[in-house]
Every structure is written in C-alpha cells, then in structure tokens.
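Tertiary structure, described
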Amino acid sequence: MIRFSTIRAGVQDDENLDSNNMCSIYDSRPSICRVDIMFEKVYFKHYSKEEFYRLNVEACKTLQEKESVKDELRL
C-alpha cells in the first residue's frame, strides 16, 4: 500500500485512506487502473513495456498538472 500525506492540491481524501493514512483502494482497483495487468492483457500488442510505461507517466504528469498537485507530490 502507498502512504499519502495529501492528495490533489493538498486536500486529503479520507474516503480512501485508512487510520494510518495508507491508501486502501489498491487491493480493489479494477484492471483498467493496473498498468502491469493492462499491458499484459491488451497493450503488449501495441507497445513495448517501456513505451507503455512512458506513456502512462506522461498521462500521470498531465493529470497532476491539471489537478494542481503540489510539485513535491508529483512524479
């Protein structure tokens, strides 16, 4: 699990954090949210693993910018 001190522009998302401030959604994420699983199921036909990871990082950075995530919390 991943520990978060803040999420999205410093606003805590208590709904998905447990009492230790650990993210509790990772065990129940759908496949579409799991980069490795989606690569193995679908995207291996279209991209190398490295290219697929790079595209996911770019998308993540774009979303972080759009949502005004603090610089110290970004990839």
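In case you missed it, the structure is sitting above this.
In this section: the overall build of the protein. The helix and strand tally for the protein stands at two helices and zero strands. Across the 75 residues in the protein, those meeting the buried criterion constitute 11%. Of the contacts formed within the protein by residues at least 6 apart in sequence, a portion of 15% connects residues at least 24 apart. When the accessible surface of the protein is summed, it comes to about 5900 Å², and 52% of that surface belongs to carbon and sulfur atoms.

Right, let's get into the packing of aromatic side chains. Under the definition given, this model contains four aromatic pairs. Ring plane angle 35° and centroid distance 5.7 Å describe the contact between phenylalanine 39 and phenylalanine 52, whose orientation is recorded as tilted. Of the two residues, phenylalanine 39 is situated in helix H1 (residues 35-41) and phenylalanine 52 in helix H2 (residues 49-66); the sequence distance between them amounts to 13 residues. The exposure class assigned to phenylalanine 39 is buried, which follows from its relative accessible area of 11%. Residue classification places phenylalanine 52 among the buried positions, given a relative accessible area of 7%. With centroids separated by 4.9 Å and ring planes inclined at 20°, the aromatic side chains of tyrosine 43 and phenylalanine 52 adopt a geometry described as stacked. Looking at tyrosine 43, the relative accessible area reads 28%, which means it is partly exposed.

As a further point, take the pattern of salt bridges. This structure, assessed with the given rule, holds four salt bridges. Between arginine 74 and aspartate 71 there is a salt bridge whose closest N-O contact spans 3.6 Å. Note on aspartate 71: relative accessible area 62%, which makes it exposed. Members of the salt-bridge network, linked through shared partners, are Glu51, Arg54 and Glu58.

Before going further, it helps to examine H2. An ideal rise of 1.5 Å per residue puts 26 Å on 18 residues; H2 measures up with 26 Å between its terminal C-alpha atoms. Positive backbone phi, approximately 55°, marks serine 68, located one or two places after H2.

Right, let's get into the environment of tyrosine 43. Counting through the fold element by element, tyrosine 43 comes out in the loop between H1 and H2. Aside from chain neighbours lying at most four places away, what touches tyrosine 43 is Met38 and Phe52.

The rules we used
- Residues numbered from 1 in each chain as written.
- Predicted model: local features only at pLDDT ≥ 70, side-chain atom pairs only at ≥ 80, totals over all residues.
- Heavy atoms only, no water.
- Helix = DSSP H or I, 4+ residues; strand = E, 2+ residues; numbered from the N terminus.
- Buried < 20%, exposed > 50% of the residue type's maximum accessible area, 1.4 Å probe, protein only.
- Contact = heavy atoms within 4.5 Å.
- Areas by Shrake-Rupley, 256 points an atom, 1.4 Å probe, with all protein chains shown as cover.
- Phe/Tyr/Trp six-rings, centres within 6.5 Å; stacked < 30°, edge-to-face > 60°.
- Salt bridge = Lys/Arg side-chain N within 4 Å of Asp/Glu carboxyl O.
- Expected span 1.5 Å × (residues − 1).

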